[in-house]
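Next come the chains, spelled out residue by residue.
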Amino acid sequence: MGEIKSEKMTIVLCSGDLDKALMAFTLINAGAALNMEVSVFFTFGGIDIVTKEGARREGETFFEKIHSFFARGGAESLTLSKYNLFGIGARATKERMRRKKIMTLNDHISAAKMLGVKLAVCEMAMETVGVKKEDLIEEVDEVAGAAAFLANIGDARINYFI
């Protein structure tokens, strides 16, 4: 029989910035390692974290097609929130992480799933940014509305919005 989780932590992840995603997953995995029940709700920019590498967003209008051209999916494609310098900052950060043997974002996602973290993606935000369910990585547990996620956080003691 499984252990009863003593605490609940939820995170709404709306940023698709590499540094914010790494910080979020550090908290996510620390909470799960401390036997917390952890749920993550990805919305808007955060959806890029759980989109397959190279997935293109659908676009019907001119502006949607331009957005689709620039919005490349996947954790490896994320940039830094500051000092990105046309991608040089993100590459330098990833290289430093590799040299120092620090977990990548994909490593963090895999660890989170092994620790039982639940990953949900906002259905309305997916429609807004043009991501389809088949574009999501296999680690995603569900596509849900905001109301379903809010029902989940009612008794959570720790809630983060990143």
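Now for a description of the structure that goes with this document. (Residues numbered from 1 in each chain as written. Predicted model: local features only at pLDDT ≥ 70, side-chain atom pairs only at ≥ 80, totals over all residues. Heavy atoms only, no water.)

**Here's the deal with the sheet that holds strand β2 (residues 37-42)**
Judged by pairing direction, the sheet is parallel, and its five strands sit side by side in the order β4-β3-β2-β1-β5 without closing on themselves. Of all strands in the sheet, those with a lone pairing partner are β4 (142-144) and β5 (158-161), marking the two edges. Taken over all neighbouring pairs, the strand axes of this sheet differ in orientation by 20° on average, direction set aside. Two elements, strand β1 (residues 8-13) and β2, share six bridges in a ladder whose sense is parallel. (Pairing = 2+ DSSP bridges. Helix = DSSP H or I, 4+ residues; strand = E, 2+ residues; numbered from the N terminus. Axes fitted to C-alpha atoms, helices over the stretch in contact; angles between N-to-C directions.)

**Focus on the pattern of salt bridges**
Throughout the structure, instances matching the rule amount to five salt bridges. Between E7 and R157 there is a salt bridge; the shortest N-O distance is 3.0 Å. With a gap of 150 residues between them, E7 in the segment before β1 and R157 in the loop between α6 (146-153) and β5 connect regions that are remote in the sequence. Judged by relative accessible area, which is 26%, E7 ranks as partly exposed. Take R157: its relative accessible area is 62%, and that puts it in the exposed class. In this structure, the salt-bridge partner of R98 is E95, at a minimum N-O distance of 2.5 Å. (Salt bridge = Lys/Arg side-chain N within 4 Å of Asp/Glu carboxyl O. Buried < 20%, exposed > 50% of the residue type's maximum accessible area, 1.4 Å probe, protein only.)

**Describing the side chain of T43**
Along the chain, T43 falls in the loop between β2 and α2 (62-70). Taking relative accessible area as the criterion, T43 reaches 8% and is therefore assigned buried. Ignoring anything within four residues of it in the chain, the contact list for T43 reads V12, L13, C14, C122 and A125. (Contact = heavy atoms within 4.5 Å.)

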